[in-house]
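# Structural description and commentary
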Amino acid sequence: MGSMAEKPYRTIDARPSADSLIKPGELVDLIEVTPLSLNDRRIYNQLLENAWDAIDKPVSHIISKSALRGKHNSNDRVGESLERLMSAVVKVSVNWDGGPAIERVQLLGGNIEALRSDGLIEYEIPARLRKIIANSTVFARLQREVMFALSSKYSLTLYEMVQKRGNLRWRSAERFSLDALRGILGVPKGKLTSWSNLKLRALDPAVAEVNDLSDFMVAFEPLKSGRSVTHVELKWWRKDGEATDAAGRALQFSKVGRRIRAAGTEDRVVPSAPVEATPDQRSRAPELKPRPAWLQSRGTPLRTETYETARLRHAGYDIYFVEGEWRTWAAGKPPADDPDRAFLAFFRKFAEANPIR
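Residues numbered from 1 in each chain as written. Predicted model: local features only at pLDDT ≥ 70, side-chain atom pairs only at ≥ 80, totals over all residues. Heavy atoms only, no water.

## Focus on unusual backbone geometry
Quick reminder of the rule: A run of H or I in DSSP counts as a helix once it spans at least four residues, and a run of E counts as a strand once it spans at least two, with each numbered from the N terminus. Relative accessibility under 20% of the residue-type maximum defines a buried residue, over 50% an exposed one, and the middle range a partly exposed one, all with a 1.4 Å probe and only protein chains included.
A positive phi is found at Asp-97, a non-glycine position, where the angle reads about 55 degrees. Inspection of the secondary structure puts Asp-97 in the loop between β3 (89-96) and β4 (99-106). Looking at Asp-97, the relative accessible area reads 72%, which means it is exposed. Despite not being glycine, Leu-192 has its phi angle at roughly 50 degrees, a positive value. One can find Leu-192 in the loop between α7 (178-185) and α8 (195-213). Judged by relative accessible area, which is 17%, Leu-192 ranks as buried.

The following block contains the structure:
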């Protein structure tokens, strides 16, 4: 008797690390209703990462505004990004009613933004998108340092496309129509309509940056129908060791990296002052009391937004009791790369094993 088919690896089982985050493949090749900026795309990746441990659950997620805006971006820009993300749509090929179909899904659900500059944002992942993510089996692993070093939305999108495809053993090229490629890159309607302009303004700079900073080399080959270029073939291949080392040096010393870091759009910024929940958030769960004395000597306290996230996801539980259980369980184990994420993952399993009756 033949062996059972191997169960496909689910995207939500992939874990982020201190250096990388996970993006479901369905959210890489997306078609936008409202064109997204480089900052919008970075913010969305951070929202996904922040929600990852419960991204397939109908719960709210909490993140501080300072984690999204960088050092010099205003809160207004964060709000504008959230609005554009709510307007963006993913088109996914599905089977429905016995035949092929296109499913259109919003990228981001409703959200609440505290008006305080050091406040929080509460947001939701739409139900249909949660279902798509739960069923996803293809994903891109994005290196955080590369994501913040790339200087245009076209470069970031190309990097995500290659990271999604780079580990496919049976494939090293893919064909796109020019219209499909413009849609994925988020080229505004009426812009870069000719192949020469698309190549000069979008593709050439993006290819140069991705080749310079990532673990892959990438190229576009134009394909003609008659005299006109109507399609392109995207090709990718992994760099050898020497080229990978060069990419690392480019990340560390390139003008691009220095400019992005100077602009304050580097990795998430830990708030310099405690952040508080909005009145609406406080009304949705029991008041969060001061951390009890018996926990004071048991490790560094978690971030304020971590406690708020746990309070919203698991209303009715004694958060500090669960924290104590987590710290007892973790004692003697290697320290977690991200204690806040580790605590939320433990809390999720604790709540599943100990449901409130």
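Don't stop here, the text continues.
## Side note on the confidence of the model for the protein
We count it as follows: pLDDT measures how confident the predictor is about each residue, on a scale from 0 to 100. By definition in these notes, contact holds between two residues if any of their heavy atoms fall within 4.5 Å.
The share of residues in the protein with pLDDT of 70 or more is 79%, and the mean pLDDT across the chain is 80. Mean pLDDT values over the elements of the protein span from 44, in helix α10 (residues 255-262), up to 95, in helix α6 (residues 153-165). In the model, residues 254-286 has pLDDT below 50 throughout and makes 71 contacts with residues more than four positions away in sequence or in other chains.

## A short note on the packing of aromatic side chains
Put simply, the test is: In this analysis, rings of Phe, Tyr and Trp, with Trp reduced to its six-membered ring, are considered paired at centre separations within 6.5 Å, and the interplanar angle assigns stacked below 30 degrees, edge-to-face beyond 60, and tilted for intermediate values. Whether a charge lies above a ring is judged from NZ of Lys or CZ of Arg, which has to be within 6 Å of the ring centre and within 35 degrees of the ring normal.
Summed over the entire model, instances satisfying the criterion amount to 5 aromatic pairs. Judged by centre distance (6.3 Å) and plane angle (65 degrees), the ring pair of Phe-321 and Phe-350 falls under edge-to-face. You can see Phe-321 sitting in helix α14 (residues 319-330) and its partner Phe-350 sitting in helix α15 (residues 339-353), a full 29 residues away along the chain. The exposure class assigned to Phe-321 is partly exposed, which follows from its relative accessible area of 42%. Judged by its relative accessible area of 16%, Phe-350 falls in the buried class. Taken together, the aromatic side chains of Phe-321, Trp-329, Phe-346 and Phe-350 make up a single cluster linked through ring pairs. A cation sits over an aromatic face here: Lys-333 above Trp-329, 4.5 Å from the ring centre.

## Concerning α7
Across the 8 residues of α7, 6 count as buried, placing the element largely inside the fold. Residues of α7 that are buried sit in contact with α1 (38-51), α6, β8 (173-177), α8, β9 (216-225) and β10 (228-238). Positive backbone phi, approximately 75 degrees, marks Gly-186, located one or two places after α7.

## A few points about the pairing of strand β2 (residues 61-64)
Quick reminder of the rule: Pairing between two strands is assigned when DSSP locates at least 2 bridges connecting them.
In β2, alternate side chains face the same way, and those of His-61 and Ile-63 on one face and Ile-62 and Ser-64 on the other are all buried. Relative to strand β6 (residues 120-123), β2 is paired through 4 bridges, and the arrangement is antiparallel. The residue bridging Ser-64 from the neighbouring strand is Leu-120, located in β6.

## A word on the pattern of salt bridges
Between side chains of opposite charge, a pair can form when the charged atoms approach closely. Selection rule: Only one rule defines a salt bridge in this text: a Lys or Arg side-chain nitrogen within 4 Å of an Asp or Glu carboxyl oxygen.
Considering all chains together, one arrives at 23 salt bridges under this definition. Between Arg-165 and Glu-174 there is a salt bridge, with its nearest N and O atoms 2.5 Å apart. You can call Arg-165 buried: its relative accessible area is 2%. Linking Lys-235 and Glu-221 is a salt bridge whose minimum nitrogen-to-oxygen distance equals 2.7 Å. A residue pair is termed long-range when its members are at least 10 positions apart, and Lys-235 in strand β10 and Glu-221 in strand β9 qualify at 14 residues. Accessibility expressed as a relative area gives 30% for Lys-235, which makes it partly exposed.

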